[in-house]
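# Fold and geometry: a report
Here's the letter readout for the chains.
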4 protein chains.
Amino acid sequence: MSLQGNLQPRGRPGPAARYAEIRQMTEALAAPLSAEDQCVQSMPDASPAKWHLAHTTWFFERMILSAAPDYEAFDPRYDALFNSYYLGLGTPFARARRGMLTRPSADEVLAYRHHVDAAMAALIEAGDVPLGTLALGLNHEQQHQELLLTDIKHAFACNPLLPAYRPAVLAAVESAPPLGWIDHDGGQVAVGDAGEGFAFDNERPEHVVSLRPFRIAARLVNCGEYLEFIADGGYARPELWLSDGWALARQEGWQAPLYWQPGAKEIFTLHGVRPIDPAEPVAHVSFYEAAAYAAWAGKRLPTEFEWEAVARTWPKEGHFLDLDVLHPRASQTPRMLGDAWAWTRSSYDPYPGFKTFEGPASEYNGKFMIGQIVLRGGSCATPADHIRTTYRNFFPPAARWQFSGIRLAEDI
Amino acid sequence: MSLQGNLQPRGRPGPAARYAEIRQMTEALAAPLSAEDQCVQSMPDASPAKWHLAHTTWFFERMILSAAPDYEAFDPRYDALFNSYYLGLGTPFARARRGMLTRPSADEVLAYRHHVDAAMAALIEAGDVPLGTLALGLNHEQQHQELLLTDIKHAFACNPLLPAYRPAVLAAVESAPPLGWIDHDGGQVAVGDAGEGFAFDNERPEHVVSLRPFRIAARLVNCGEYLEFIADGGYARPELWLSDGWALARQEGWQAPLYWQPGAKEIFTLHGVRPIDPAEPVAHVSFYEAAAYAAWAGKRLPTEFEWEAVARTWPKEGHFLDLDVLHPRASQTPRMLGDAWAWTRSSYDPYPGFKTFEGPASEYNGKFMIGQIVLRGGSCATPADHIRTTYRNFFPPAARWQFSGIRLAEDI
Amino acid sequence: MSLQGNLQPRGRPGPAARYAEIRQMTEALAAPLSAEDQCVQSMPDASPAKWHLAHTTWFFERMILSAAPDYEAFDPRYDALFNSYYLGLGTPFARARRGMLTRPSADEVLAYRHHVDAAMAALIEAGDVPLGTLALGLNHEQQHQELLLTDIKHAFACNPLLPAYRPAVLAAVESAPPLGWIDHDGGQVAVGDAGEGFAFDNERPEHVVSLRPFRIAARLVNCGEYLEFIADGGYARPELWLSDGWALARQEGWQAPLYWQPGAKEIFTLHGVRPIDPAEPVAHVSFYEAAAYAAWAGKRLPTEFEWEAVARTWPKEGHFLDLDVLHPRASQTPRMLGDAWAWTRSSYDPYPGFKTFEGPASEYNGKFMIGQIVLRGGSCATPADHIRTTYRNFFPPAARWQFSGIRLAEDI
Amino acid sequence: MSLQGNLQPRGRPGPAARYAEIRQMTEALAAPLSAEDQCVQSMPDASPAKWHLAHTTWFFERMILSAAPDYEAFDPRYDALFNSYYLGLGTPFARARRGMLTRPSADEVLAYRHHVDAAMAALIEAGDVPLGTLALGLNHEQQHQELLLTDIKHAFACNPLLPAYRPAVLAAVESAPPLGWIDHDGGQVAVGDAGEGFAFDNERPEHVVSLRPFRIAARLVNCGEYLEFIADGGYARPELWLSDGWALARQEGWQAPLYWQPGAKEIFTLHGVRPIDPAEPVAHVSFYEAAAYAAWAGKRLPTEFEWEAVARTWPKEGHFLDLDVLHPRASQTPRMLGDAWAWTRSSYDPYPGFKTFEGPASEYNGKFMIGQIVLRGGSCATPADHIRTTYRNFFPPAARWQFSGIRLAEDI
């Protein structure tokens with residue numbers, strides 16, 4: 001599909017301001033980190049913060065500026081270093097070795113950013129920028145904002161000193177709302193993006209699915225509920241688990257969600273170690289744990305279409321990155337969005353009629369449509385203006401380092 | 001769901017005769033193999049023929065006979081040895097180590113079979129056998145008949161002597177039919193099993209899906225066509241591949257389907273090494289290769305529902321195990337079934353309203369619904385009376401040792 | 001060095017009889033095994049019994065018969081299949097895949113043996129056989145006799161049925177002799193082979209080493225003593241262990257020697273499972289365990305030269321394969337030989353002036369002189385006429401599946 | 001053995017000055033590195049520069065200061081973080097994860113150093129420091145000075161930008177001296193340390209070995225000679241290699257020493273990429289390559305005792321760290337020391353009568369005496385006053401990231 005985007009949905013500022021705003025946000029997210037912090041890579045799935053800063057810049061350079069007549073690359077050697085996985089654009093530096101790049105330094109990467117920003121500003125000013133690709137680049141950068149946070153969280157958790165990304169004291173929410181349900185009659189439902197605003201290729205085309213009547217939980221499963229699952233032997237009862245999940249949980253010795261400290265009393269957060277708040281949504285669970293929890297609860301996970309059918313009609317409220325609390329929080333009102341991504345019971349398959357973006361961005365999403373599970377709804381680390389009800393996030397079922405949580409469903 | 005089966009679909013014999021027929025078929029398939037051949041395990045995914053003979057027997061013993069009042073186990077130690085993956089029934093012997101079981105000997109395993117067969121015959125005669133579970137056991141055994149063949153094929157291919165399972169000379173088909181297409185208007189289509197005959201739990205319940213107009217190829221991709229893909233650099237062009245597939249193909253050095261001999265002139269078959277017949281359906285490709293081929297051809301793979309929508313209405317003809325040619329063969333008429341399983345573009349997710357079988361057989365299918373791709377249509381190694389148009393076979397996308405092939409589709 | 005051997009040391013029969021005797025011994029050792037047993041390979045370090053039968057035959061074919069004018073190979077395809085590691089003679093079939101060779105069958109391998117035996121007999125009769133190479137081939141075959149036994153023991157131990165190679169009841173020895181010591185004054189000592197009989201290249205040349213005064217235990221450490229080590233936390237105290245050994249013991253969960261059954265009351269032997277006899281020499285320990293035991297006992301392991309200096313002067317008595325008890329047994333008299341190989345504190349380095357055999361047998365020993373430890377003295381599975389006091393056996397320090405035990409030493 | 005050391009060998013300054021000098025040297029070596037550079041770990045065998053700075057400090061804190069009555073730890077959490085492998089002193093942080101420690105920062109580690117330095121200075125001033133342990137700590141720190149350089153070299157080589165540790169232009173030496181030889185009559189030779197100065201426990205006790213007549217090369221093999229080995233198929237001829245080395249070279253695709261750039265024209269050095277100088281000693285070869293080269297040259301590697309017998313009597317000249325050229329350089333005079341460590345043909349076994357240091361330092365050397373090869377002579381990255389002719393360095397035979405080279409020997 002062609003890249004079509006609209007940079008001013010819902011009263012947003014013009015492209016130049018929008019570009020500047022999002023780019024500055026990324027740098028603001030990196031600001032609390034030392035040069036050392038920005039360089040570390042804790043596992044192949046995660047990337048250094050510095051790499052995120054550079055790669056998002058590379059994206060604009062390669063997808064837009066390289067076609068501009070007068071643009072000169074900041075450093076031609078960066079082209080391979082900061083290419084993530086675009087094989088049509090060269091041979092990317094090995095993903096698992098990104099943490100080796102002590103050079104360029106954090107300062108040099110900032111200089112690289114500003115070099116590209118100046119060129120982009122000029123191009124936008126001149127009206128020569130393809131707005132669809134610009135929107136893609138900005139949405140791409142927002143995705144990396146969330147990854148920057150989840151990746152540094154993982155790295156800090158590998159350090160016995162357990163540093164806080166941004167120290168803060170969060171009071172526990174006193175009382176959790178009981179679990180409510182939202183009923184849906186099923187039937188023929190349109191899903192996927194049909195709007196004129198920006199959407200990723202994987203959200204298109206809009207199409208009709210047939211749903212049976214169901215209900216979906218009005219909030220995410222919280223830590224108190226998850227503690228009951230643990231206490232009831234949830235991690236020791238194979239009948240609750242998918243076969244691969246059981247094998248993996250055994251092999252890895254899983255006893256609780258990622259970042260729960262031994263004893264299941266405390267949790268490591270971007271704001272430091274704090275007591276587990278029973279009312280807060282559980283996060284950092286794999287799909288396997290989400291599915292096992294649902295089986296234990298006598299429910300199931302919703303399909304991505306069930307989720308979307310309800311979310312379409314629900315208030316677009318939620319706890320996102322903009323709230324500046326980088327951890328899921330209990331809410332007193334029913335919500336479909338924010339706090340933690342909900343694992344769905346849908347594999348990440350292409351929509352009927354799916355077409356990738358044209359040009360080099362064709363590698364953006366399509367080639368990953370295998371072995372992954374769809375997550376919906378955004379998290380406390382997702383920019384609020386980045387999420388949509390048609391948005392399809394995706395991770396392998398074993399992934400735990402994202403803010404991934406559990407929303408239940410059942411047939412009616 | 002409860003196990004419901006009908007042992008006499010379409011004029012078949014009664015349960016006792018049906019039981020005897022299928023059980024004898026398994027032994028007949030093992031008969032060309034020496035005791036050594038029956039013991040070998042060439043990879044963790046494959047099992048020794050002797051193990052298949054024993055495990056299918058264990059299934060009847062554990063699912064039916066163990067509840068019979070007077071039954072005495074042949075050897076109580078076999079219970080763990082021949083349990084495949086039923087954690088509710090104990091701790092199975094390690095899958096990857098099945099080839100270590102030189103004892104019990106092939107003769108002892110046959111004695112075990114006959115012990116169980118005698119008890120089953122008595123139970124059937126007495127009318128005390130649960131017919132649904134009996135049907136499950138027989139369908140289970142038929143699945144292992146196919147696996148016995150694909151597993152020994154893999155083992156023999158690991159031996160530089162390349163032994164033939166059953167030596168035979170197969171003449172090449174002189175001319176291949178051109179590729180025809182079957183159009184479908186899409187719309188609301190019922191899929192899944194609603195019949196009264198036997199079906200696996202994963203085929204149920206019947207439900208409606210919305211399809212867009214499409215067409216599907218009237219035959220599988222053949223070796224001649226696949227050779228064009230290879231000649232056109234199919235294995236060297238990352239833009240055709242899913243990301244995981246590309247990485248795996250590089251890592252494993254894939255240059256052609258499994259069992260193609262170096263040079264791509266000859267192919268190892270259960271009947272020995274023979275020249276590649278351009279007209280015969282290509283088989284032993286992974287899902288990754290199937291998807292890359294489809295991308296190269298400018299088409300796509302069908303979803304499992306597109307496949308089923310067409311197959312429901314198409315003649316139930318095909319080349320199955322009963323034909324006794326254990327290799328895909330060119331056909332002059334359009335067919336949806338047989339020769340080679342068609343990889344679909346559908347992940348193996350549960351159907352809406354899916355429920356596992358009740359009792360110990362609940363572990364049969366449901367716990368594997370992750371990380372796998374649906375294949376449809378049966379192969380030259382599938383018993384003809386085992387296949388259905390609602391039948392969902394499933395393997396990980398990297399699997400190549402099954403008779404797995406390619407059927408194209410496209411939007412219209 | 002040139003291959004020099006003497007086929008009639010100490011009143012043995014002539015070459016033809018000697019050849020026949022040793023070759024028949026190998027077949028006799030395989031006789032209790034079914035075709036399935038002979039085919040199985042339980043780990044890459046071990047080989048199937050059938051492979052031992054074939055490889056020892058290949059050795060005569062390749063080292064002797066292939067130079068004979070009229071010899072015709074039994075099957076030219078066997079040349080790569082049964083080449084172990086002689087890269088100068090082609091590309092051997094992958095070691096870790098030897099268990100895949102269900103073909104040739106056990107019967108065919110026997111036919112192969114007899115084909116080669118007939119040709120060898122004719123050659124010996126004609127006086128055309130190079131006696132040194134013949135001696136090498138026979139000593140080589142004796143090495144594989146021991147390996148055949150240790151390898152099938154490992155394979156049977158992987159089977160929960162724990163089959164006995166040759167069922168037998170062994171009474172425990174009532175009382176163990178107390179641990180005696182043999183003193184040695186040290187000084188300039190000649191070690192290594194200088195004789196005219198057969199020796200491997202790694203035993204040559206004879207040379208002088210300087211020893212300090214020491215004493216060496218007059219028997220191997222027994223199971224009762226080893227049980228004290230276990231009871232005293234031997235497997236849980238890192239200060240007793242070499243660093244690599246500690247890491248490996250943790251990783252593998254070692255709590256006792258290989259083949260000790262959980263609870264440390266019973267032991268799996270080639271004669272079946274039986275109670276641990278405290279008086280019997282402990283076997284199936286790694287070098288790491290031997291060194292940790294010695295540290296715990298306040299002693300050390302002897303160097304290979306200390307061992308040899310004493311063994312040269314000691315009676316050549318011991319419990320070997322010919323005794324037909326395939327398990328270490330307590331002895332009432334001091335012994336340097338038999339029962340179990342003693343791990344020494346000597347790395348397997350070349351002797352000063354070491355030269356490999358000439359010709360294709362140059363790959364026999366020299367290329368393995370890295371990462372291995374010398375063991376001395378032979379075991380209950382070593383043919384009595386195969387051992388010498390200069391004999392250097394060698395295995396990696398982690399190896400446990402040989403009859404490897406512990407003999408202590410200390411400075412005086 | 002007890003730790004005995006002499007801090008004023010050969011006219012050196014007193015303990016306080018000596019301590020300050022060596023400690024400052026370490027910081028000077030880290031000075032060219034950014035905080036990012038100091039944090040990176042390129043493989044489990046290598047450590048971050050910051051970790052070296054901290055661990056050497058920990059060593060003084062733990063071995064000396066922790067026994068001082070008034071000492072307060074800088075941060076008690078550092079005790080586990082910067083413990084390398086002393087299991088008697090707690091549970092060290094995982095070696096392979098040292099690169100995760102972005103905190104403490106480089107600045108905090110310097111503050112840690114200065115805290116310990118102040119306490120050490122006071123203790124030395126007060127005359128309360130055990131001089132033997134002090135000498136051990138300083139020799140330990142010098143070992144880490146060399147490792148700091150070899151580890152950062154490895155890290156930089158992983159970065160496609162190939163940063164120079166300290167940019168410099170090195171002119172090639174115009175003419176290489178021909179290879180000369182030093183003859184030795186063999187006989188009874190004393191080896192090992194018997195002096196009153198500091199030596200590691202692994203160098204003791206002095207003892208006598210018997211040597212046969214031999215000669216040893218008067219310089220290391222140079223790159224020009226090694227290029228001939230490559231050109232003659234050195235990396236493609238299995239008959240030259242030890243079996244493990246051949247397998248590893250195949251697996252890793254070795255075609256030249258580490259750090260040689262593709263095409264074998266240029267080499268990465270701590271001073272940047274530069275043309276290969278044929279006259280300079282070849283370095284960064286594994287023991288396997290050294291042994292293969294020697295086999296190709298028709299020579300062999302010397303034993304550690306042959307090397308020592310000659311080095312004892314040879315001028316103590318060589319190119320060491322103090323020369324400030326961090327790369328091997330051709331010399332016009334025969335030398336036994338410096339430039340690159342010489343792989344010997346001696347496994348790292350304990351000397352007869354070997355005793356470890358007493359106390360926590362007992363884990364210093366002894367527990368690594370398995371699976372390693374002795375190297376002798378020091379390198380361009382070894383402090384000149386750190387090396388001795390009795391000095392035994394040791395690494396696994398596969399190690400290539402040290403300045404390890406080749407010195408030939410042969411029998412006469």
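No experiment lies behind these values; they were computed from the predicted model shown.

### Points about the relation of the copies chain D and chain A
Overlaying chain D with chain A gives an RMSD of 0.0 Å, the required rotation being 180° about an axis along which the chain moves by 0.0 Å. In symmetry terms, the pair is related by a two-fold rotation axis. If distances are taken from each C-alpha of chain D to the rotation axis, the shortest is found for D:Glu36, at 2.3 Å. Taken together, the interface assignments show that 100% of the residues at the interface of chain D recur at the interface of chain A, consistent with an identical surface on both copies.

### Let's talk about the pattern of salt bridges
Here the structure, examined in full by the defined rule, presents 120 salt bridges over all chains. Overlapping salt bridges, with partners in common, bring together A:Glu206, A:Glu304, A:Glu308, A:Arg312, A:Arg376 and A:Arg392 in one network.

### Thoughts on the interface of chain D and chain A
The partner chain A presents 27 residues to the 27 residues of chain D that form the contact. A buried area of about 2300 Å², summed over both sides, lies between chain D and chain A, and 57% of it is on carbon and sulfur atoms. Contact with chain A buries surface across chain D, with D:Glu36, D:Arg103 and D:Leu161 losing the most and accounting together for 32% of the total. Our enumeration of links across chain D and chain A arrives at 4 salt bridges.

### Some words on the sheet that holds strand β9 (residues 341–347) of chain A
Residue and element names in this part refer to chain A. If you trace the 4 strands from one edge of the open sheet to the other, you get β11-β10-β9-β12, paired in mixed fashion. A single partner strand is all that each edge strand has here, and the edge strands are β11 (393–395) and β12 (404–405). Looking at chain direction, β9 and strand β10 (residues 373–376) are connected through 3 bridges and run antiparallel. Looking at β10, one finds that Trp343 is bridged to Leu375.

### A short note on the interface of chain B and chain C
With 27 residues of chain B at the interface, the matching set in chain C holds 27 residues. Summing the contributions of chain B and of chain C, the shared interface buries around 2300 Å²; its carbon and sulfur component is 58%. Contact with chain C buries surface across chain B, with B:Glu36, B:Arg103 and B:Leu161 losing the most and accounting together for 32% of the total. Here chain B is connected to chain C by 4 salt bridges. A salt bridge links C:Arg103 to B:Asp37; the shortest N-O distance between them is 2.6 Å.

### Overview of the packing of aromatic side chains
As enumerated under the stated definition, the model contains 128 aromatic pairs over all chains in all. Taking 5.0 Å as the distance between ring centres and 85° as the angle between the ring planes, the aromatic pair formed by A:Tyr78 and A:Tyr112 counts as edge-to-face. Of this pair, A:Tyr78 sits in helix α4 (residues 78–81) while A:Tyr112 sits in helix α5 (residues 106–125), and the two are 34 residues apart along the sequence. Per residue, the accessibility class of A:Tyr78 equals that of A:Tyr112, and both read buried. Taking the centre distance of 5.4 Å and the plane angle of 50° together, the rings of C:Tyr293 and C:Trp296 count as tilted. Of the two residues, C:Tyr293 and C:Trp296 both sit in helix α9 (residues 287–296), 3 residues apart, roughly one turn of that helix. Owing to a relative accessible area of 4%, C:Tyr293 belongs among the buried residues under this scheme. Taken together, A:Trp58, A:Phe59, A:Tyr85, A:Tyr86, A:Phe198, A:Phe200, A:Trp341, A:Phe357, A:Tyr364, A:Phe368 and A:Tyr391 form an aromatic cluster joined through their ring pairs.

### A closer look at helix α7 (residues 223–231) of chain D
Residue and element names in this part refer to chain D. When we look at burial in α7, the residues that qualify are Cys223, Gly224, Glu225, Tyr226 and Phe229. In this structure, the buried side of α7 is in contact with α9 (287–296). Between a side-chain oxygen at the N-terminus of α7 and the backbone nitrogen of Gly224 the separation is 3.2 Å; the capping residue is Asn222. At the C-terminal side of α7, Gly233 shows a positive phi close to 80°.

### Considerations on the pairing of strand β8 (residues 373–376) of chain C
All names here are of chain C. Of the two faces of β8, both are covered, the one formed by Ile373 and Leu375 as well as the one formed by Val374 and Arg376. Inspection of the sheet shows β8 paired to strand β9 (residues 393–395) by 3 bridges, in the antiparallel sense. Each bridged residue has a counterpart across the sheet, and for Ile373 the counterpart in β9 is Phe395.

### Things to note about the confidence of the model for chain A
Residues and elements named next belong to chain A. Averaged over all residues, the pLDDT of chain A is 95; the fraction at 70 or higher stands at 97%. Scored below 50 in pLDDT, residues 1–9 makes 34 contacts in the model with residues more than four places away or belonging to other chains. Reported confidence for the predicted complex is 0.95 by ipTM and 0.96 by pTM.

### With respect to the side chain of C:Glu203
Residues and elements named next belong to chain C. As for its position among the elements, Glu203 is in the loop between β2 (187–191) and β3 (207–211). Exposure remark for Glu203: the relative accessible area of 0% places this residue in the buried category. At a separation of 2.6 Å, a polar atom in the side chain of Glu203 contacts the side chain of Arg388. A distance of 2.6 Å separates polar atoms of two side chains, one belonging to Glu203 and the other to Thr390. For Glu203, the contacting residues outside a window of four places in its chain are Gly192, Asp193, Tyr351, Arg388, Thr390, Tyr391 and Arg392.

### Examining the sheet that holds strand β4 (residues 214–217) of chain B
All names here are of chain B. Reading across from one edge, β1-β4-β11 is the order of the 3 strands in this open sheet, with antiparallel pairing throughout. Each edge of the open sheet is held by one strand with a lone partner, namely β1 (181–184) and β11 (409–411). Across the sheet, the mean angle from the axis of one strand to that of its neighbour is 20°, orientation sign disregarded. Looking at chain direction, β1 and β4 are connected through 4 bridges and run antiparallel. Each bridged residue has a counterpart across the sheet, and for Trp181 the counterpart in β4 is Ala217. Of the strands in this sheet, β1 and β4 touch helix α10 (residues 304–311), which is tilted by about 75° from β4.

### Observations regarding the arrangement of the chains
Separating chain A from chain C is a minimum C-alpha gap of 13 Å, and the two share no contact. Where chain B comes nearest to chain D, the C-alpha atoms are still 13 Å apart, and the two do not contact one another.

### Some points on the environment of D:Glu252
Residue and element names in this part refer to chain D. Among the structural elements, Glu252 can be located in helix α8 (residues 243–252). A relative accessible area of 44% places Glu252 in the partly exposed class. Through-space distance from the C-alpha of Glu252 to that of Thr91 is 33 Å; in sequence the pair is 161 residues apart. Within polar-contact distance, the side chain of Glu252 engages the side chain of Gln251 at 3.4 Å.

### What to know about the side chain of D:Asp117
In this fold, D:Asp117 is placed in helix α5 (residues 106–125). The residues contacting D:Asp117, other than those within four sequence positions of it, are D:Tyr19, D:Arg23 and D:Glu27.

### Examining the environment of D:Pro15
All names here are of chain D. Here Pro15 lies in helix α1 (residues 15–30). In this structure Pro15 comes out as buried when scored by relative accessible area, which is 19%. Taking the C-alpha atoms as reference, Pro15 lies 7.1 Å from Ile124; in sequence the two are 109 residues apart.

### Details of the pairing of strand β5 (residues 266–269) of chain A
All names here are of chain A. Bridge count between β5 and strand β6 (residues 272–275): 4 bridges; the pairing is antiparallel. When the bridges of β6 are listed, Phe268 appears paired with Val273. The hairpin formed by β5 and β6 contains 2 residues between the paired strands.

### Notes on the packing of helix α1 (residues 15–30) of chain C against helix α3 (residues 49–63) of chain C
All names here are of chain C. For the pair α1 and α3, interaxial distance at closest approach is 10 Å and the crossing angle is 160°. Here α1 lies roughly antiparallel to α3, going by the angle between them. Between α1 and α3 lies a crossing whose hand is left-handed. Facing α1, whose interface residues are Tyr19, Arg23, Thr26, Glu27 and Ala30, α3 presents Leu53, Thr56, Thr57 and Phe60.

Rules of the game
- Residues numbered from 1 in each chain as written.
- Chains lettered and ligands numbered in written order.
- Predicted model: local features only at pLDDT ≥ 70, side-chain atom pairs only at ≥ 80, totals over all residues.
- Heavy atoms only, no water.
- Least-squares fit on C-alpha atoms with pLDDT ≥ 70 in both.
- Contact = heavy atoms within 4.5 Å.
- Salt bridge = Lys/Arg side-chain N within 4 Å of Asp/Glu carboxyl O.
- Buried area = accessible area lost by both parts, 1.4 Å probe.
- Pairing = 2+ DSSP bridges.
- Helix = DSSP H or I, 4+ residues; strand = E, 2+ residues; numbered from the N terminus.
- Phe/Tyr/Trp six-rings, centres within 6.5 Å; stacked < 30°, edge-to-face > 60°.
- Buried < 20%, exposed > 50% of the residue type's maximum accessible area, 1.4 Å probe, protein only.
- Polar contact = N/O pair within 3.5 Å; in protein donor to acceptor, adjacent residues only side chain to side chain.
- pLDDT = per-residue confidence, 0-100.
- Axes fitted to C-alpha atoms, helices over the stretch in contact; angles between N-to-C directions.
- Parallel < 35°, antiparallel > 145°, perpendicular 65-115°, else oblique.
- Left-handed = near helix turned anticlockwise from the far one by under 90°.

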